[in-house]
Amino acid sequence: MNIGTLDKLLGIYKVEDTKDDFGSVTLSASPTFLGMVYAREIPKKSFMTTEAQSSMINKNTFEFIARYDDIVKAGRYFLIGGETAIKYYIRGVEEIGRKKGMKIYAESKISRE
């Protein structure tokens with residue numbers, strides 16, 4: 001893997017959830033920052049459209065290549081950029097080689113609103 005091509009810095013976050021005595025899930029108010037990972041975006045953008053109760057939902061899916069790191073897991077999210085950061089939800093991770101790198105499958109927050 002050519003590390004010089006990893007030009008985006010991803011800030012990985014996790015939202016903690018707890019269960020009370022009745023089994024209901026409560027999310028924490030503030031996410032936990034786990035660390036930073038360098039990655040590059042694969043120039044692939046697919047527009048999948050689904051119908052939900054007579055409204056069209058547009059999903060933007062993205063793929064990133066990054067160095068292998070244990071903090072990147074499905075169910076977490078990352079931010080790219082400074083003050084105008086876009087939130088990406090991690091949908092899946094695929095290992096490249098023997099922990100040589102990883103392919104991250106993500107969905108942007110814009111498509112969820």
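A few words on the overall build of the protein chain. When you go through the protein chain residue by residue, the secondary structure sums to zero helices and eight strands. The linear arrangement of helices and strands in the protein chain, starting from the amino end, is β-β-β-β-β-β-β-β. Out of the 113 residues belonging to the protein chain, those deemed buried represent 28%. Considering only intrachain contacts with a sequence separation of at least 6, the fraction spanning at least 24 residues in the protein chain is 49%. Just so you have it, the protein chain exposes about 7700 Å², and 50% of that area is on carbon and sulfur atoms.

Time to look at a nonpolar patch on the surface. The grouping of Leu9, Phe33, Met36 and Tyr38 at the surface amounts to a nonpolar patch, some 400 Å² of accessible area in total. Of all the elements, strand S4 (residues 32-52) adds the most residues to the nonpolar patch, at three residues.

Counted by the stated rule, this structure contains seven aromatic pairs. Aromatic pair tyrosine 13 and tyrosine 77: ring centres 5.5 Å apart, planes at 15 degrees, arrangement stacked. In this pair, tyrosine 13 sits in strand S1 (residues 8-14) while tyrosine 77 sits in strand S6 (residues 77-80), placing the two residues 64 residues apart along the sequence.

Following the sequence through the fold, phenylalanine 33 ends up in strand S4. The exposure class assigned to phenylalanine 33 is partly exposed, which follows from its relative accessible area of 44%. If near-sequence neighbours (up to four positions away) are discounted, phenylalanine 33 is found in contact with Gly11, Ile12 and Tyr13.

Inspection of every chain in the model, using the stated rule, returns two salt bridges. A salt bridge links arginine 91 to glutamate 107, with the shortest nitrogen-to-oxygen separation between them at 3.3 Å. Of this pair, arginine 91 sits in strand S7 (residues 86-96) while glutamate 107 is found in strand S8 (residues 101-108), placing the two residues 16 residues apart along the sequence. Taking the relative accessible area as the measure of exposure, arginine 91 reaches 42% and is therefore partly exposed. Its relative accessible area of 9% is what places glutamate 107 among the buried residues.

Our next topic: unusual backbone geometry. One non-glycine residue, lysine 99, lies in positive phi territory at about 60 degrees. Inspection of the secondary structure puts lysine 99 in the loop between S7 and S8.

This part is about the nonpolar core. The biggest cluster of nonpolar side chains holds 16 residues, and the ones touching the most others in it are Leu10, Ile12, Phe64, Val72, Phe78, Tyr88 and Ile104. The set of elements that each furnish at least two residues to this core consists of S1, S4, strand S5 (55-66), S6, S7 and S8. The residues contacting valine 72, other than those within four sequence positions of it, are Ile12, Val37, Ile90, Val93, Met102 and Ile104.

The next thing to look at is the environment of leucine 9. Looking at the secondary structure, you find leucine 9 in strand S1. On a C-alpha basis, the gap between leucine 9 and methionine 36 in space is 6.5 Å, while along the polypeptide they are 27 residues apart. When neighbours within four sequence positions are excluded, leucine 9 is seen to be in contact with Met36, Val37, Tyr38, Leu79 and Ile80.

Parameters and conventions
- Residues numbered from 1 in each chain as written.
- Predicted model: local features only at pLDDT ≥ 70, side-chain atom pairs only at ≥ 80, totals over all residues.
- Heavy atoms only, no water.
- Helix = DSSP H or I, 4+ residues; strand = E, 2+ residues; numbered from the N terminus.
- Buried < 20%, exposed > 50% of the residue type's maximum accessible area, 1.4 Å probe, protein only.
- Contact = heavy atoms within 4.5 Å.
- Areas by Shrake-Rupley, 256 points an atom, 1.4 Å probe, with all protein chains shown as cover.
- Patch = residues over 30% accessible without salt bridge, like charges linked within 9 Å, V, L, I, M, F, W, Y side chains within 5 Å.
- Salt bridge = Lys/Arg side-chain N within 4 Å of Asp/Glu carboxyl O.
- Phe/Tyr/Trp six-rings, centres within 6.5 Å; stacked < 30°, edge-to-face > 60°.
- Core = buried A, V, L, I, M, F, W, Y, C linked by side-chain atoms within 4.5 Å.

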